[in-house]
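Inside the fold
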Amino acid sequence: QVQLVESGGGLVQAGGSLMLSCAASGRTFSRYAMGWFRQAPGKEREFVAAIRWSGGSTYYADSVKGRFTISRDNAKNTVYLQMNSLKLEDTAVYYCAAMHTARTPLTLDSMYDYWGQGTQVTVSS
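As the structure is a computational prediction, the values presented were derived from the model and not from experiment. (Residues numbered from 1 in each chain as written. Predicted model: local features only at pLDDT ≥ 70, side-chain atom pairs only at ≥ 80, totals over all residues. Heavy atoms only, no water.)

**A short note on the pattern of salt bridges**
Close approach of charged atoms allows side chains of opposite charge to pair. Per the counting criterion, the structure on display carries six salt bridges. Arg38 is paired through a salt bridge with Glu46; the nearest N and O atoms lie 2.6 Å apart. Salt-bridge contacts for Arg103 lead to Asp113; the nearest nitrogen and oxygen are separated by 2.9 Å. Of this pair, Arg103 sits in the loop between β9 (92–99) and β10 (114–115) while Asp113 sits in the loop between β9 and β10; the two residues are ten residues apart in sequence, bridging distant segments of the chain. Assessed through its relative accessible area of 27%, Asp113 is described here as partly exposed. (Salt bridge = Lys/Arg side-chain N within 4 Å of Asp/Glu carboxyl O. Helix = DSSP H or I, 4+ residues; strand = E, 2+ residues; numbered from the N terminus. Buried < 20%, exposed > 50% of the residue type's maximum accessible area, 1.4 Å probe, protein only.)

**Structural notes on the nonpolar core**
Of all hydrophobic cores here, the largest spans 38 residues; its most connected members are Leu4, Trp36, Val79, Leu81, Met83 and Tyr94. For this core, the secondary structure elements donating two or more residues are β1 (2–7), β3 (18–26), β4 (33–39), β5 (46–52), β7 (68–73), β8 (78–83), β9 and β11 (119–124). Per element, the largest residue contribution to this core is six residues, and it comes from β9. Ignoring anything within four residues of it in the chain, the contact list for Tyr94 reads Glu6, Leu20, Trp36, Phe37, Arg38, Val48, Phe68, Leu81, Met83, Gly118, Thr119 and Val121. (Core = buried A, V, L, I, M, F, W, Y, C linked by side-chain atoms within 4.5 Å. Contact = heavy atoms within 4.5 Å.)

**A few points about the sheet that holds β8**
The antiparallel open sheet is built from four strands, whose spatial order is β1-β3-β8-β7. Edge positions in the open sheet fall to β1 and β7, since each of these has one partner strand only. Each strand axis lies, on average, 15° off the axis of its neighbour in the sheet, ignoring direction. In the sheet, β7 pairs with β8 via six bridges, with the strands oriented antiparallel. Across the sheet, the residue bridging to Arg72 is Val79, located in β8. (Pairing = 2+ DSSP bridges. Axes fitted to C-alpha atoms, helices over the stretch in contact; angles between N-to-C directions.)

**Thoughts on the pairing of β1**
Residues of β1 alternate between two faces, with Val2, Leu4 and Glu6 buried on one and Gln3, Val5 and Ser7 left unburied on the opposite face. Relative to β3, β1 runs antiparallel, the two sharing six bridges. Its bridge partner being in β3, Val2 is matched across the sheet by Gly26.

Here's what the structure looks like:
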């Protein structure tokens, strides 16, 4: 069993920053990619960012490009999402996900095998 635990969510004013962390634990598994998705009230879950574990290629939704940065720490089995210049529309529950075999596209949530419980990010005016 693989567990993904997110942390770092909270309340922040528009224009502020937050960094989310997602720590993977449990049985060893080959990790092809990890991603962040979010779901706002009344909306479907949407892709935010993804990173290939080997090589570190990154991918972003257009809505967060230039503001969010995804990164990984291999030694800590942790992926991060640095969120800058936060906007009201970034308010959502943010989920970490892991994919253990090569699948595409990385932007599609059904491609991922494991999910965290989610962490709330609320941006206020």
